[in-house]
Every structure is written in structure tokens, then in C-alpha cells.
Amino acid sequence: MTDRTGQASLRERKKAKTRASLREHALRLFREQGYQATTVEQIAAAAEVSPSTFFRYFPTKEDVVLQDDMDTRLVEAFVRQPPELAPIPAIRAALREAWGSFTTEEWELIRESGRLGMEVPEIRARTMNEFSRVINVVAEALARRVGRPPDDLRVRVEAGAVMGVMMSVFLPEHLAADTGAEVVKDTLFGPESAVRLDEALALLEEGLPL
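All of the points below concern the structure found in this document.

Cut-off values and rules
Residues numbered from 1 in each chain as written. Predicted model: local features only at pLDDT ≥ 70, side-chain atom pairs only at ≥ 80, totals over all residues. Heavy atoms only, no water. Phe/Tyr/Trp six-rings, centres within 6.5 Å; stacked < 30°, edge-to-face > 60°. Buried < 20%, exposed > 50% of the residue type's maximum accessible area, 1.4 Å probe, protein only. 1 Å grid on protein atoms, 1.4 Å probe; cavity = no way out; pocket = protein on both sides within 12 Å on 5 of 7 lines; lining within 4 Å. Points joined across faces, edges and corners; volume = space filled by probe spheres on them. Nonpolar A, V, L, I, M, F, W, Y, C, P; charged D, E, K, R; others polar. Axes fitted to C-alpha atoms, helices over the stretch in contact; angles between N-to-C directions. Helix = DSSP H or I, 4+ residues; strand = E, 2+ residues; numbered from the N terminus. Parallel < 35°, antiparallel > 145°, perpendicular 65-115°, else oblique. Contact = heavy atoms within 4.5 Å.

## What about the packing of aromatic side chains?
In this description, an aromatic ring pair is defined by two values, namely the gap between the centres and the angle between the planes. Inspection of every chain in the model, using the stated rule, returns five aromatic pairs. Between Trp99 and Trp107, the aromatic rings sit 6.0 Å apart at their centres with planes inclined by 55 degrees, giving tilted as the arrangement. Per residue, the accessibility class of Trp99 equals that of Trp107, and both read buried. Ring plane angle 55 degrees and centroid distance 5.3 Å describe the contact between Phe102 and Trp107, whose orientation is recorded as tilted. Look at Phe102 and you get buried, because its relative accessible area is 9%. Trp107 gets classed as buried once you look at its relative accessible area, which sits at 5%.

## Remarks on empty space enclosed by the protein
Summed over all chains, the structure comprises two cavities of 30 Å³ or more. What the second largest cavity holds in volume is close to 80 Å³. Lining the second largest cavity are Leu74, Val75, Phe78, Ile91, Val138, Ala141, Leu142, Val162 and Met166. Along the lines of polarity and charge, the residues of the lining of the second largest cavity split into nine nonpolar, no polar and no charged.

## Quick notes on the packing of helix α5 (residues 70-79) against helix α8 (residues 121-146)
It is at 10 Å that the axes of α5 and α8 come closest, and there the two elements cross at 10 degrees. Judged by the angle between their axes, α5 and α8 are roughly parallel. Judged by residue contacts, Asp71, Val75 and Phe78 of α5 engage Arg133, Val137, Ala141, Leu142, Arg144 and Arg145 from α8. Looking at the contact of α5 with α8 residue by residue, the classes come out as five nonpolar, no polar and four charged.

None of the figures reported here should be taken as evidence of function without further support.
Set out below in C-alpha cells:
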């Protein structure tokens, strides 16, 4: 007999599978027929769900590109870090662990999402909303670790600082969309990006010396 924990776990796995299926079919359709020509209805049909189910997972069509499970894996890895680690070292360790968990196929999907984020104006315009969402995710994880509420000023500032580091690493590279620098895009949205981001977080940990 399955207990409540087992039922909850099964529901979460089914939700994760549906979410992944929606993203995979969306990216395939964008690749085959273009972003603008692809509708939410087509994505939902390909994943064998209703459009209303699509919107339960992704508020907009842009979000199906922007919202991967990278932040989920990062938070899960962050929770597993030893309690004696300070928040920034714990985030750096979690980042290395989370980045290392992606398969080659998953990195290709991330790269594809990254290219769309650079090239499609609607997605680029939505990027700041996604950064705001991730700040809240990071703040909640930090709050649990240090025993403070998520809206605590110190927690919000540290979460914002971490997100600012990520933005400083990634946002300038959006200029590559205008240059056609495919190599830059591939390294930016791949496992190589973990090294650059870790270096940037190390600067934050050191107090941003200049």
C-alpha cells in the first residue's frame, strides 16, 4: 500500500515528466517551424495535454523556453550542503554539483533555450521577469538555511547579490545575438559556464575586491 509520502513523490515525478515533455516538444516545434509560427495549442497537442495544462506549468509561451529545472537542481543541491558552510560557499558547491548532474542531451536543450533567449525578442523581453522569479527562489532557500524569513532584508540582499553576479556573467553575452557568435552561445549555455560563474561567485565571497 502506498503511503502519502509515496503518493506525493509519484505526483511530483509525473509533474516533472509532463513539464519536461512540454519543454522538449516546444523546443522541437520551435526548431522545426519557428518560434512565432508555433502555438501553445500545438505544443500541448504534441505533449498530449490540454492548453490549460500547459498554462499550469508555464504562464506564457516564453516561459517554456526560460524555465528549465536548473534552479530546482541548484536549490536541491544547496540543501544538501554541510550546515557549517557559509551561504556563498554552499551556493558555489551546489552550483558545481547541479551543473554536473546534467547529461549531454540536457545541455543541448539548455543551449537551444539559450539561443532562443538571445534571438527571439519576446523571450529576451521576458528574461528580467525570470531573474526576478529566481531571486525569490534563492531567497527562500537562503532563508531556510539561516533560519530567517524570506523577506528579511539581509536574505533579500544576499539573494539579489547572487542573482546580480549571475546577470553580470550572462546578460552581457546577449550582445552575441547581434554578432552571430555561435561559439560564445554554446560555451555560455553549457557546462563550461560553471567555471566562469564559480569565479564570479568567488569574487562575491571575497567581498568584491577591485
